[in-house]
Amino acid sequence: NTYSIENYPNMRFPNVGLAELSKSIIKIRGPDATKFLNGLVTSRLLPNVVKKKQHTMSESENRHSNFSEIIDVSKNYGLMHEDIYDPDYNINISRDGINSMILNSKGRVVTDCFLYPDPFHNVDGVLQESMNEPGYLLEVDTLILQQLMMILKLHKLSAKVDIVPDKKLYSYYYYDDTATFDAWLENIQFKYFKSLDPTTALQNANSFIKDNVFFNQQIAKNILGFAVDNRIPNFGIKFISNKPISTNNDNDGQQDVIPVESLFSESFSQEFDTPTINESGVVQRRFQNGLFEIQDASKGSSLLPFECNLDYTNGLSLDKGCYVGQELTIRTFNNGVIRKRIFPVQFFQLTEYNISYLQDHPIDLNMLDPVVENLSNIPNSSLGKLEITPFDDSEPQQQQPPTNESPFASSPFGSSKVVRKRKTSLGKIVSVKDNLGLVMFAVSDVEKCQIYKLELPSFEGGTQFIGVKVGIPDWWPVN
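The following paragraphs examine the structure supplied in this document.

Conventions used here
Residues numbered from 1 in each chain as written. Predicted model: local features only at pLDDT ≥ 70, side-chain atom pairs only at ≥ 80, totals over all residues. Heavy atoms only, no water. Helix = DSSP H or I, 4+ residues; strand = E, 2+ residues; numbered from the N terminus. Buried < 20%, exposed > 50% of the residue type's maximum accessible area, 1.4 Å probe, protein only. Contact = heavy atoms within 4.5 Å. Areas by Shrake-Rupley, 256 points an atom, 1.4 Å probe, with all protein chains shown as cover. Pairing = 2+ DSSP bridges. Axes fitted to C-alpha atoms, helices over the stretch in contact; angles between N-to-C directions. Core = buried A, V, L, I, M, F, W, Y, C linked by side-chain atoms within 4.5 Å. Expected span 1.5 Å × (residues − 1). Arc of directions from axis to C-beta. Phe/Tyr/Trp six-rings, centres within 6.5 Å; stacked < 30°, edge-to-face > 60°. Lys NZ or Arg CZ within 6 Å of the ring centre and 35° of its normal. Parallel < 35°, antiparallel > 145°, perpendicular 65-115°, else oblique. Nonpolar A, V, L, I, M, F, W, Y, C, P; charged D, E, K, R; others polar.

### Remarks on the overall build of the protein
Of regular secondary structure, the protein possesses 14 helices and 21 strands. Scored against the burial criterion, the 479 residues of the protein give a buried share of 50%. Of the contacts made within the protein by residues no fewer than 6 positions apart, 73% connect residues no fewer than 24 positions apart. Just so you have it, the protein exposes about 24,300 Å², and 49% of that area is on carbon and sulfur atoms.

Below is the structure:
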């Protein structure tokens, strides 16, 4: 059963569902695969753990001092998971995927990505051939694939690694916005994905499959990548299969398709709903929660990882050593001031009721809001040029009475120049989805004010304004 507007009348995204994502998967495999990727991504892949403060001793830091002994980067060991905001400085080794980014030499974002060990498991040795050397699946948006392939090949040099896009791999996303699923997801992470060595990590991944926790064990050989989406805590589940999943019951006897009813384990299907939904529901949910992905921005955007909230989405290691774009990234973090971030916003009609309501309520999707049509008439290339100013200055300034003052600026050199007052926009629209958006604001501005106005171009004369409510996601860490 697929959700549609007709059976979802409140104009929000479904609260549960399975969707196929428009992603591309790059296979990266070979003896040097781990070292090669470690020099490109913002996450840690090598076991070098550098003490943050050389003059101090702590049990949490010493806990990982033997990683270089237990992790052999010439083998398919899994991935290291860490959270820079974890006060206990825990680093786990497991076989589920991680969020990360690839930057250019100037520290600007090329793409965000998910990185998976390939394979996720090796139940009954069905994927033993893939376990013989380091292998990874790099999941990126399809729009960035060709550019990224050029970058990867440019950095390959003499590294013993094969880099191949695989069009026969498919990316899927499952989420369930209930407290029951949140608790379930918390429990399976504790049970299967908190190991401290590669051997236990593989054993736990195998147990996750054999215990029929999420997948039906019968299709285990088709599941090559798995990740808990912890960009936002317990946000959902991502996985990669080597067969497409049918979203209807009419398979015509095809052998190369996994029927959706055969994907989930019986125990999971009995406890949770498993409808298929469109990818648009996943995107709308991201926007409402303020979770940015690089394809949301217009082509050619120049963004820094902290502006994209990478430090909040578990995609950054602070002491992994050198990688492309590392110098600016770490210097920015160590300076202690991140001036701008991408915030989620809701656009709305400027009425006293709307303003009063939104001051006390979180942002919310409404695909039938009239502002959707207002915004849809503006080309994407022009969105970032629109003026965003504080709401308390929402009325156009009255024309000032004429004065005897000269309109020219005085100059000690005798020249004159017309003085024109320039407007300053406090925010820059990065992307719009229905009545929701992602907007770059100075953090200091949002701390002072969450209601703004947006000036829209009008061909009928005059000025048209709509409201902008900035949301501060509750999953952001408290600084």
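From this point, the narrative continues.
### Observations regarding the pairing of strand S11 (residues 236–241)
With six of six residues buried, S11 lies mostly within the body of the structure. Going residue by residue along S11, you find Gly236, Lys238 and Ile240 tucked away on one face and Ile237, Phe239 and Ser241 tucked away on the opposite face as well. In terms of strand pairing, strand S9 (residues 170–176) meets S11 through five bridges, oriented antiparallel. Bridging across to S11, serine 171 finds its partner in isoleucine 240. Sheet topology places strand S10 (residues 223–229) next to S11; six bridges connect them, and they run antiparallel. Across the sheet, the residue bridging to phenylalanine 226 is phenylalanine 239, located in S11. Hairpin geometry of S10 and S11 is characterised by an intervening segment of six residues between the two adjacent antiparallel strands and by a positive phi of about 55 degrees at asparagine 234.

### So, unusual backbone geometry
Residue proline 119 follows aspartate 118 across a cis peptide bond; omega there is 10 degrees. Relative to the elements of secondary structure, proline 119 occurs in the loop between strand S6 (109–117) and strand S7 (135–141). In this structure, leucine 157 is a non-glycine residue whose phi angle is positive, near 50 degrees. For asparagine 234, which is not glycine, the phi torsion reads 55 degrees and is therefore positive. As for its position among the elements, asparagine 234 is in the loop between S10 and S11.

### Here's the deal with the sheet that holds S10
Taken in spatial order, the four strands of this open sheet run S1-S9-S11-S10, and their pairing is antiparallel. Two strands lie at the open edges of the sheet, namely strand S1 (16–20) and S10, each paired on one side alone. Direction aside, neighbouring strands of the sheet carry axes that sit 15 degrees apart on average. Its contacts with the sheet put helix H5 (residues 179–192) on S9, S10 and S11, and the angle it makes with S11 is roughly 60 degrees.

### Observations regarding the nonpolar core
One finds Phe292, Phe347, Ile429, Phe441 and Leu454 to be the most contacted residues of the largest nonpolar core, which totals 54 residues. Here this core takes five residues from strand S19 (residues 436–442), the largest share from any one element. Ignoring any residue separated from it by four or fewer positions in sequence, one finds leucine 454 in contact with Phe347, Leu375, Leu386, Glu387, Ile388, Ile429, Gln464, Phe465, Ile466 and Val468. In terms of nonpolar packing, the next biggest core, distinct from the first, is built from 37 residues, Ile28, Leu138, Ile144 and Leu148 among them.

### Things to note about the sheet that holds strand S21 (residues 464–470)
Strand order across the open sheet formed by six strands is S15-S20-S21-S14-S19-S18, with antiparallel pairing between neighbours. Across the chains shown, the open sheet's two edge strands, defined by having one partner strand only, are strand S15 (387–390) and strand S18 (427–433). With direction set aside, neighbouring strand axes in the sheet form an average angle of 35 degrees. Strand direction decides the pairing type here: S18 and S19, joined by six bridges, are antiparallel. By the bridge assignment for S19, glycine 427 is matched with phenylalanine 441. Helix H9 (residues 279–289) contacts strand S14 (340–348), S18 and S19 of the sheet and is inclined by roughly 155 degrees relative to S18. In the packing of helix H11 (residues 352–359) onto the sheet, the strands contacted are S14, strand S20 (451–456) and S21, and the crossing angle to S14 comes to about 135 degrees.

### A word on helix H4 (residues 145–156)
The end-to-end C-alpha distance of H4 is 16 Å, a good match for the 16 Å that 12 residues give at a rise of 1.5 Å each. What H4 keeps buried is the set Leu145, Leu148, Met149, Ile151 and Leu152. Buried residues of H4, seen end-on, are gathered within an arc of 165 degrees and therefore sit on one face of the element. Structural note: H4 exposes Gln146, Met150, Lys153 and Leu154 on the side pointing more than 90 degrees away from its buried face.

### A short note on the packing of aromatic side chains
Using the criterion set out here, one finds 38 aromatic pairs in the structure. Note on phenylalanine 214 and phenylalanine 268: the rings are 4.8 Å apart at their centroids and 75 degrees apart in plane angle, and the pair reads as edge-to-face. Here phenylalanine 214, found in the loop between helix H6 (198–210) and S10, pairs with phenylalanine 268, found in helix H8 (residues 266–271); they are 54 residues apart in sequence, far enough to count as distant. We classify phenylalanine 268 as buried; its relative accessible area is 1%. Measuring from ring centre to ring centre gives 5.1 Å for tyrosine 312 and tryptophan 476, while their planes differ by 55 degrees; the resulting arrangement is tilted. Taken together, the residues span a long stretch of sequence, with tyrosine 312 in the loop between H9 and helix H10 (326–335) and tryptophan 476 in the segment after S21 at a distance of 164 residues. On the accessibility criterion, tyrosine 312 (7% relative accessible area) is buried. Under the relative-accessibility criterion, tryptophan 476 is labelled buried at 11%. Lying over the aromatic face of tyrosine 312, arginine 341 brings its terminal NZ or CZ to 3.9 Å of the ring centre.

### Observations regarding the packing of H5 against H6
Running from amino to carboxyl end, H5 crosses H6 at an angle of 135 degrees, the nearest separation of the two axes being 9 Å. Comparing their axes, H6 and H5 come out oblique. In this structure, H5 uses Ile188, Lys191 and Tyr192 to contact H6, whose residues at the interface are Asn204, Ser207 and Phe208. Of the residues that constitute the contact of H5 with H6, the class distribution is three nonpolar, two polar and one charged.

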